[in-house]
Amino acid sequence: MRRLSIVLIMMAAVACSSADTQGLDGDRDAGVAHDAGTPPRDGGEARDGGERDAGAPVDAGPARTLVEFSLLGDSPPDNLVMNPNLTSLSTVGPFTQVGSSATRHFAHTPTRQPALELAANDSAFVFVQAEPGMTTASVWMGVRDGDRVDGTALILGLAQSQLDAVLQLLPSGETVTMDGITWQRFEGSTMLQLIGANLLFIENSTRAPLFVTGPTVVARQAQIVGELGAPKIRLGAAQRLKAEALLAKHREALMQDMKPVSRRLLPRSP
Amino acid sequence: MIAKRTLLVATVSSLTWLASPALAGFQPGSGRVELEGALVSGLDDADALDALPDFKLLGHNLNEAFGRAPTFVGSAADSIEGDAALLLDDDVGGIDILLDGLAPTLGDRRIEARFWYLPEGTVPVAEIYFIEVGGRAVLDNPQAPFAAVGSVRFWPTGRATDDGWVEMSTGPFDFSAHGAVRARMLRIVDDRTFGNAFFGIPPTPGASVRIDALEIVDVGARTAPDVACNLAGEAATCGAEGVCLFGFCADAAIAEGTLPSDARIRAEYLDYQVQRLRRFAGSRYIGAQIDTFEARMNAAKDRPLPELWATFRRAHDELADGHLSTPFLSFLQGLGASACLYESDADLLPAAPVAPMVSRLLPGHPVSEMLAVGDVLVAIDGIAVDDWAERAERLLRYGGDQRGRSFIIAPDLLPAAIRGGSTLTFARCAQPTPCTTEELQTIEIDGAALVADLFTGARPAWWFQQMNCDYRFTEAVPRPPRDDDFVGHVDDPEEAIRTIVINGVSGDNRWMNRVRDALTGVPEGVILDERFGGGGTFEGVAALLAPFLRANEDPIAMVLPRLAPELDDATRQQIMNCQNLGGQSCGNAFVLPMTLGGVAPTPRPEARVAIVNGLDVSGNDFLPYALKRRAGGQTRIFGAVPTYGAFGPLSRMPRVAGELFGGSFQVHDTVFLADLTDTSTTFETGFGVEPDEVVRQKQSDALAGVDTLLARARAWILEGAD
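Residues numbered from 1 in each chain as written. Chains lettered and ligands numbered in written order. Predicted model: local features only at pLDDT ≥ 70, side-chain atom pairs only at ≥ 80, totals over all residues. Heavy atoms only, no water.

### Section: the sheet that holds strand β34 (residues 668-673) of chain B
Residues and elements named next belong to chain B.
Then, number 1: In space, the 3 strands of this open sheet follow the order β29-β28-β34, with antiparallel pairing throughout. Unpaired on one side and paired on the other, β29 (590-593) and β34 mark the two borders of the sheet. The sheet shows a mean angle of 20° between the axes of neighbouring strands, direction not considered.
Then, number 2: Judged from the 4 bridges that link them, strand β28 (residues 556-561) and β29 form a sheet pairing that is antiparallel. When the sheet's bridge partners are listed, V559 is paired in β29 with F590.
Then, number 3: Most of the contacts of helix α17 (residues 569-580) go to β29, to which it runs at about 70°, and overall it touches β28, β29 and β34. (Pairing = 2+ DSSP bridges. Helix = DSSP H or I, 4+ residues; strand = E, 2+ residues; numbered from the N terminus. Axes fitted to C-alpha atoms, helices over the stretch in contact; angles between N-to-C directions. Contact = heavy atoms within 4.5 Å.)

Printed below as a string of structure tokens:
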């Protein structure tokens with residue numbers, strides 16, 4: 001597959017919040033919302049092939065320092081992923097899965113969000129809302145015990161110019177090991193103007209569990225200076241079958257779900 | 001290192017440290033937590049648990065006895081307090097801790113509860129329950145938490161440590177409501193246990209979470225005055241942070257629930273509620289309202305809880321998405337209806353007002369002893385019902401087309417008034433002709449007096465009795481109290497009218513079989529009584545629609561997600577092409593023939609169809625919408641208000657921050673097309689199907705046992721009969 005170089009001038013400001021870290025001893029700037037193209041800043045974690053585990057003992061000083069906790073980790077406020085924490089109890093609508101996959105909460109993940117544990121040969125998708133502009137997507141996938149990350153992350157969707165638009169997310173070269181899981185970041189961008197709600201489709205092609213976290217898709221107004229470099233592929237037959245099976249399940253669920261949560265059994269809600 | 005300990009501090013003098021609370025909690029110098037509260041527990045070992053007032057370990061099935069011993073893990077180096085931490089794992093699902101012993105010292109205090117957790121695959125969900133009894137009566141009753149009068153949940157404080165510990169807190173709240181109703185039990189459960197209990201999802205093995213550094217601290221005197229009140233006067237009586245709960249002021253945190261006490265986390269949570277609607281809601285009505293909605297939410301963000309909750313709930317309601325439900329933070333069973341009040345034409349009262357009228361009573365309930373069918377609710381707490389309902393907006397929810405609000409919430413007024421300690425005033429005209437003011441009898445129901453025994457620890461036996469209010473005055477066909485799959489029909493052979501009664505468009509096999517029966521041998525006139533139309537499926541809609549359409553007639557529903565840019569001809573064509581080529585996703589858009597291609601075995605396109613509406617939502621929006629526009633026989637809709645206008649499927653939202661349910665809304669909206677040449681771009685959600693004839697139950701008919709709506713529908717059919 002040919003990957004073309006692109007030079008983009010981002011016209012929109014990267015959304016960020018000025019986190020008030022006063023009183024916190026940690027150097028981790030957790031409050032800053034990272035753009036999809038920006039790796040997380042996780043003080044003390046080894047990156048790019050580093051091997052230091054987050055659980056390693058500290059030589060001196062206090063046993064631990066305070067850092068900020070955020071409900072959505074480093075997910076940017078304008079993340080177009082409908083279920084950025086990959087919560088598995090939401091099984092209809094914005095998230096559909098098969099098999100025995102489950103949401104896992106770890107002390108450390110690259111984006112400080114829960115992870116989806118995708119069982120062997122399972123696949124799952126989350127919906128991604130389309131917005132005008134260049135779509136940039138990223139996700140972290142990880143495996144235990146130094147196994148090779150062998151997952152596939154695709155944006156499947158409908159575009160004005162073609163059916164079943166596909167963007168494959170490719171390794172960015174960033175890796176980090178946390179709590180025994182080696183995480184690898186995948187990313188991709190496209191100028192295809194997607195329509196409606198599309199899919200971030202994740203497939204685990206291995207016999208070992210695959211962990212997925214930090215799905216991020218943002219749309220930015222962009223001026224293309226160079227050549228567009230969207231790594232596009234055609235969906236393979238096996239992948240298509242899996243994706244369609246998931247979609248059929250989702251569609252069937254939607255067709256059965258024209259009934260609001262019962263007024264009469266409402267538990268206390270905000 | 002802090003020594004392991006579990007202390008129940010029973011003297012007020014021991015709480016003096018609270019003058020300088022910064023001394024306790026996380027210590028930057030050591031990187032550890034120091035405990036010093038009214039109740040502290042390092043949760044280090046079995047001794048630590050045994051020193052608690054009383055506790056019970058839970059399995060992952062909350063309804064089953066659990067006998068395993070607790071597991072403690074870690075060391076002084078890797079626990080955040082003491083020597084170890086309590087482990088919730090694949091076997092131990094949680095722990096219940098009684099708080100009874102704290103009442104002597106904390107009964108009139110404001111407190112805060114905190115703990116830390118370290119996730120190893122899962123996270124905890126925690127709550128404190130306010131119940132009128134304590135001891136083993138609570139600990140041994142699996143249903144006790146769900147029957148609680150109130151609860152306070154734990155939220156993240158926004159503080160964590162670089163090795164993964166996360167702090168949770170309730171924020172400040174009053175220890176007691178009134179009398180015997182006070183904080184009785186603290187529950188910490190594995191998030192997977194919750195999934196198992198409420199969604200039937202078995203816990204996925206291989207995960208655990210460490211719980212450590214539990215403490216309850218005194219943060220001052222209670223804020224809500226312990227005085228009698230009613231809802232209409234609660235703002236003046238109960239203070240900024242209080243509400244009226246069953247006739248006595250209580251901290252709104254107990255009665256209505258808490259939000260994160262940390263300003264940053266609270267803002268993050270509330271902003272997320274807004275932004276997910278801005279980005280993902282399919283309703284174009286929401287799209288048009290979202291800036292106003294966001295401004296309201298922002299203005300309420302830092303207001304006291306009573307005001308914040310009222311604004312939060314009403315602002316969501318006014319987005320008019322009938323599928324929208326705000327996240328569930330607690331599962332508490334509230335009071336149900338003890339009498340069904342429907343907004344009616346009170347034509348026997350002076351000035352014949354439109355007002356809630358008693359249409360049904362629950363036998364054996366004390367309210368039923370006082371009221372009679374035909375009684376009209378004329379005031380609550382001495383003010384007009386509409387004015388009272390505005391003050392009670394935190395208790396009254398209706399998220400459909402807002403033109404129907406007062407009609408739909410009418411059955412909820414009575415339980416809301418009892419909860420608010422309010423007094424309801426009914427007017428009775430016991431004669432078939434209009435009464436003068438002097439001829440009216442007045443009946444007053446004191447909600448606070450009804451439930452007074454609750455505060456002595458003796459909850460009234462009728463508490464959980466409730467009836468199903470289905471907006472029908474009479475039943476054309478006898479049926480179970482509540483059955484969403486119910487389909488019944490009855491014929492009037494002399495007048496060639498069939499009355500079909502449904503409670504929704506379930507579409508499951510049992511429902512479809514009954515519909516098939518109901519649609520066999522249909523006469524010229526049909527009354528479709530869907531006054532309790534709770535929605536269902538597209539298949540259900542198709543089954544009831546298809547027989548009344550002509551052979552070449554098949555309206556189309558374009559069910560579309562949010563589009564940016566908005567729907568235009570090119571996008572419409574793209575979606576159509578995608579679907580025609582067999583695309584499964586097509587941008588999550590669906591173009592559906594409303595018959596779903598089905599053919600009615602016994603078509604009756606020329607039938608005269610009278611639809612009788614009440615509470616109709618979702619599938620029961622689609623059905624009258626399509627029937628009203630059919631090309632064959634006439635259709636006429638009788639009802640008081642428009643349907644909900646929820647034109648689209650429901651999408652459940654993901655959970656964040658340990659919500660028990662993430663809420664729901666539509667990520668779709670619908671454009672109806674007469675056929676494929678139709679280029680309409682009118683999105684329908686938020687705008688219900690209006691009645692052709694506004695009809696409410698008449699008081700005079702009620703006294704005579706006549707169902708006004710069915711009578712009017714029958715008359716219309718007969719008007720058109722040859």
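Right, picking up where we left off after that structure.
### A word on the side chain of D470 of chain B
Residues and elements named next belong to chain B.
Then, number 1: Within the fold, D470 resides in the loop between α14 (447-450) and β25 (487-492).
Then, number 2: According to the relative accessible area criterion, D470 is buried, its value standing at 1%.
Then, number 3: For D470, the side chain forms a polar contact with the main-chain nitrogen of R472, separated by 3.0 Å.
Then, number 4: Here D470 is in contact with Y342, R360, R479, R531 and F532, once residues within four sequence places are set aside. (Buried < 20%, exposed > 50% of the residue type's maximum accessible area, 1.4 Å probe, protein only. Polar contact = N/O pair within 3.5 Å; in protein donor to acceptor, adjacent residues only side chain to side chain.)

### Here's the deal with the interface of chain B and chain A
Then, number 1: Between chain B and chain A, the contact holds 116 residues from the first and 71 residues from the second.
Then, number 2: Of the roughly 7800 Å² buried between chain B and chain A on both sides combined, carbon and sulfur atoms contribute 58%.
Then, number 3: Counting the contacts that link chain B with chain A gives 3 salt bridges.
Then, number 4: Considering every element that reaches the side of chain B that touches chain A, the biggest residue donor is helix α7 (residues 263-280) of chain B, with 7 residues.
Then, number 5: Residue classes in the side of chain B that touches chain A are distributed as 59 nonpolar, 37 polar and 20 charged.
Then, number 6: As paired strands, strand β4 (residues 102-106) of chain A and strand β9 (residues 109-121) of chain B are joined by 2 bridges and run antiparallel to one another. Paired with F106 of chain A across the strands is E120 of chain B, a residue of β9 of chain B. (Buried area = accessible area lost by both parts, 1.4 Å probe. Salt bridge = Lys/Arg side-chain N within 4 Å of Asp/Glu carboxyl O. Nonpolar A, V, L, I, M, F, W, Y, C, P; charged D, E, K, R; others polar.)

### What about the packing of helix α16 (residues 538-545) of chain B against helix α18 (residues 619-628) of chain B?
Think of two packed helices as two axes; the pair is described by the angle between the axes and how far apart they sit.
Residue and element names in this part refer to chain B.
Then, number 1: Running from N to C, α16 and α18 point in directions that differ by 30°, and their axes come no closer than 9 Å. Taken together, the axes of α16 and α18 are roughly parallel relative to one another. Every pair of crossing elements has a handedness; the one defined by α16 and α18 is right-handed. On α18, the residues that touch F538, V541, L544 and L545 of α16 are G619, F622, L623, A626 and L627. (Parallel < 35°, antiparallel > 145°, perpendicular 65-115°, else oblique. Left-handed = near helix turned anticlockwise from the far one by under 90°.)

### Description of the sheet that holds strand β27 (residues 525-533) of chain B
Residues and elements named next belong to chain B.
Then, number 1: What the 6 strands build is an open sheet, ordered β25-β26-β27-β30-β31-β35; its pairing is mixed. Only two strands of the sheet have a single neighbouring strand rather than two, namely β25 and β35 (693-694).
Then, number 2: Two elements, strand β31 (residues 635-639) and β35, share 2 bridges in a ladder whose sense is parallel. Among the inter-strand pairings, G639 is bridged to a residue of β35, identified as V694.

### Regarding the pattern of salt bridges
A side chain with one charge may pair with a side chain of the opposite charge, provided their charged atoms come close.
Residues and elements named next belong to chain B.
Then, number 1: For the coordinates displayed, the defined rule picks out 58 salt bridges over all chains.
Then, number 2: As a salt-bridge pair, D90 and R192 come within 2.9 Å of each other at their nearest N and O atoms. Of the two residues, D90 sits in the loop between β7 (85-88) and β8 (94-98) while R192 sits in helix α4 (residues 191-199), which places them 102 residues apart along the sequence.
Then, number 3: Its relative accessible area of 11% is what places R192 among the buried residues.
Then, number 4: R296 is paired through a salt bridge with E318; the nearest N and O atoms lie 2.7 Å apart. One end of the pair, R296, is in helix α8 (residues 284-300); the other, E318, is in the loop between α9 (305-317) and β20 (339-345), and 22 residues separate them in sequence.
Then, number 5: For R296, a relative accessible area of 29% puts it in the partly exposed group.

### Let's talk about the packing of aromatic side chains
For any pair of aromatic rings, the description rests on two quantities: the centre-to-centre distance and the angle between the ring planes.
All names here are of chain B.
Then, number 1: Scanning all chains against the criterion turns up 24 aromatic pairs over all chains.
Then, number 2: Relative to W463, the ring of W462 lies with its centre 6.0 Å away and its plane at 20°, an arrangement referred to as stacked.
Then, number 3: W462 gets classed as buried once you look at its relative accessible area, which sits at 11%.
Then, number 4: Ring centres of F622 and F672 lie 5.6 Å apart, and the angle between their planes is 70°; this geometry places the pair in the edge-to-face category. (Phe/Tyr/Trp six-rings, centres within 6.5 Å; stacked < 30°, edge-to-face > 60°.)

### Some details on the state of the cysteines
Residue and element names in this part refer to chain B.
Then, number 1: As enumerated under the stated definition, the model contains 5 disulfides over all chains in all.
Then, number 2: Residue C238 pairs covalently with C249 via a disulfide, S to S 2.0 Å. On the sign convention where negative means left-handed, the S-S torsion of about -75° between C238 and C249 marks this disulfide as left-handed. One end of the pair, C238, is in the loop between α5 (234-237) and β18 (242-245); the other, C249, is in strand β19 (residues 248-251), with 11 residues separating them in the sequence.
Then, number 3: Judged by relative accessible area, which is 1%, C238 ranks as buried.
Then, number 4: Listing the disulfide partners of chain B by sequence rank of the bonded cysteines yields 1-3, 2-4, 5-8, 6-7, 9-10. (Disulfide = S-S within 2.5 Å.)

### Looking at the side chain of D701 of chain B
Residues and elements named next belong to chain B.
Then, number 1: Looking at where D701 falls in the secondary structure, it is placed in helix α19 (residues 699-704).
Then, number 2: No salt bridge is formed by the buried D701. Its closest oppositely charged neighbour is K698, at 5.5 Å.
Then, number 3: Setting aside residues no more than four positions away along its own chain, D701 makes contact with V706 and T708. (Lys, Arg positive; Asp, Glu negative; His and termini not counted.)

### Considerations on α18 of chain B
Then, number 1: Counted residue by residue, α18 of chain B has 9 buried out of 10 residues, so it is predominantly covered.
Then, number 2: Turning to α18 of chain B, its buried residues are G619, N620, D621, F622, L623, P624, Y625, A626 and L627 of chain B.

### Some remarks on the pairing of strand β11 (residues 150-153) of chain B
Residue and element names in this part refer to chain B.
Then, number 1: Taking every second residue as pointing to the same face, both faces of β11 are buried, with G150 and V152 on one and S151 and R153 on the other.
Then, number 2: Here 4 bridges tie strand β10 (residues 124-131) to β11, and the two strands are oriented antiparallel to one another. Within β11, the position partnered with Y129 by the bridge is S151.

### Some words on the confidence of the model for chain A
All names here are of chain A.
Then, number 1: When pLDDT is averaged across chain A, the result is 69; 53% of the residues are at 70 or more.
Then, number 2: Across chain A, element-level confidence peaks in strand β2 (residues 66-68) with a mean pLDDT of 96 and bottoms out in strand β1 (residues 8-10) with 28.
Then, number 3: The model gives residues 1-58 a pLDDT under 50, and that stretch makes 129 contacts with residues more than four places away or in other chains.
Then, number 4: Every residue in residues 89-98 is under pLDDT 50, and counting partners more than four places away or in other chains gives 46 contacts. (pLDDT = per-residue confidence, 0-100.)

### What about the packing of helix α15 (residues 509-518) of chain B against α16 of chain B?
All names here are of chain B.
Then, number 1: Here α15 crosses α16 at 5°, and the two axes come no closer than 10 Å. The angle between α15 and α16 falls in the class roughly parallel. Contacts between α15 and α16 involve W511, M512 and V515 from the former and E539, G540, A543 and L544 from the latter.
Then, number 2: Of the residues belonging to the contact of α15 with α16, the class tally is 5 nonpolar, 1 polar and 1 charged.

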